[in-house]
Amino acid sequence: MKRKSTTLFCASGLLLALAAATGAQADELPTRKAGLWEMKMSSAGMPENITRQCIDAAFEKEMKGMAASQGGQHKCSKQDIRKTSAGYVIDAVCETMGMTVTSHTEFAGDFNSAYTMKQTGRVQGKTTGKAGQDTAMTMQARWLGACPAGWKPGDMEIPGGTRINVKDLPK
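The rules behind each value
Residues numbered from 1 in each chain as written. Predicted model: local features only at pLDDT ≥ 70, side-chain atom pairs only at ≥ 80, totals over all residues. Heavy atoms only, no water. Disulfide = S-S within 2.5 Å. Helix = DSSP H or I, 4+ residues; strand = E, 2+ residues; numbered from the N terminus. Salt bridge = Lys/Arg side-chain N within 4 Å of Asp/Glu carboxyl O. Buried < 20%, exposed > 50% of the residue type's maximum accessible area, 1.4 Å probe, protein only. Core = buried A, V, L, I, M, F, W, Y, C linked by side-chain atoms within 4.5 Å. Contact = heavy atoms within 4.5 Å. Polar contact = N/O pair within 3.5 Å; in protein donor to acceptor, adjacent residues only side chain to side chain. Phe/Tyr/Trp six-rings, centres within 6.5 Å; stacked < 30°, edge-to-face > 60°. Lys NZ or Arg CZ within 6 Å of the ring centre and 35° of its normal.

Asker: Even after reading the chapter, I still don't get the state of the cysteines, so can you show me in this structure?
Answerer: By definition, a disulfide is the covalent link that joins the sulfur atoms of two cysteine residues. A full pass over the atoms with the stated rule returns 2 disulfides. A disulfide bridge connects C54 with C147, and the sulfur atoms are separated by 2.1 Å. Classification of the bridge connecting C54 and C147 rests on its S-S torsion, roughly 105°, and on that basis the disulfide is right-handed. Taken together, the residues C54 in strand β2 (residues 49–55) and C147 in the loop between β7 (129–145) and β8 (155–157) connect sequence positions 93 residues apart. Within the protein chain, bonded cysteines paired by disulfides and numbered along the sequence follow the pattern 1-4, 2-3.

In structure tokens, the structure reads:
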């Protein structure tokens, strides 16, 4: 159960990064190459999680739209994305599920073959106390090739071999 919650925590961090990247700004994250992506996520004190996800251009567009439309769930007072010589940087302050999340996210690499995302932040809210809680997460993603037979865009295999479609998760 802890691995599943870690995976969902990491996925929510990525969703917040996407939400911050969908604001009206000059720079935006590129679309990943269609196919099967492996993502290795690690966070202090948690075991490494390895997930695989099938994507295509339509799914990527839908996920960015979903992140932008989270309205009541993710309200960002700051959303700054900048292209750098190494990749992209996102600085954001978002309200989500009764918590304030201040994050700094760095993307480096190629969205066609492999990239790394490093995110640091601070979560403050009803479950963290006044001091808040610092967070740090690293994700290494690599393109594996075409999606396997029977997989559709949005399908994600989480630790333990369970496959879910992220479009079917509760909003």
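Asker: What should I look at first to understand the pattern of salt bridges in this one?
Answerer: Oppositely charged side chains can pair when the atoms bearing their charge come close. Evaluated as defined, the whole model comprises 8 salt bridges. A salt bridge links R32 to E60; the shortest N-O distance between them is 2.8 Å. Separated by 28 residues along the polypeptide, R32 in the loop between α1 (2–21) and β1 (35–43) and E60 in helix α2 (residues 57–68) bring together distant segments of the chain. Take R32 and E60: they sit in the same class, and that class is buried. The salt bridge involving E157 is made with R52; its shortest N-O contact spans 3.1 Å. In this pair, E157 is assigned in strand β8 and R52 in strand β2, connecting sequence segments 105 residues apart. Taking the relative accessible area as the measure of exposure, R52 reaches 23% and is therefore partly exposed. In this structure, a network of salt bridges that share partners links the residues D80, R82 and D91.

Asker: Sorry, what's going on with the nonpolar core here?
Answerer: Side chains that are nonpolar tend, in soluble globular proteins, to be buried together. The biggest cluster of nonpolar side chains holds 22 residues, and the ones touching the most others in it are L29, Y88, I90, F107, F111, Y115 and M139. Elements represented by at least two residues in this core include exactly β1, α2, β4 (87–96), β6 (114–125) and β7. Among the elements that take part in this core, β4 stands out by supplying 4 residues, more than any other. Leaving out residues up to four positions away in the same chain, Y115 has contacts with R32, W37, F107, A108, G109, D110, M139, Q140 and A141.

Asker: Quick question: what am I supposed to make of the side chain of E60 here?
Answerer: By relative accessible area, which is 10% here, E60 ends up buried. A distance of 2.8 Å separates polar atoms of two side chains, one belonging to E60 and the other to R32. Excluding its chain neighbours within four sequence positions, the residues that come into contact with E60 are T31, R32 and I55.

Asker: Can you help me understand the packing of aromatic side chains in this one?
Answerer: Each aromatic ring pair is described using two quantities: the centre-to-centre distance and the angle formed by the ring planes. For the coordinates displayed, the defined rule picks out 5 aromatic pairs. Measuring from ring centre to ring centre gives 6.3 Å for Y88 and F111, while their planes differ by 80°; the resulting arrangement is edge-to-face. With Y88 in strand β4 and F111 in the loop between β5 (99–110) and β6, this residue pair connects regions lying 23 residues apart in the sequence. Chaining the aromatic ring pairs together yields one cluster made of W37, Y88, F107, F111 and Y115. The ring of W143 carries K33 above its face, with NZ or CZ at 3.8 Å from the centroid.

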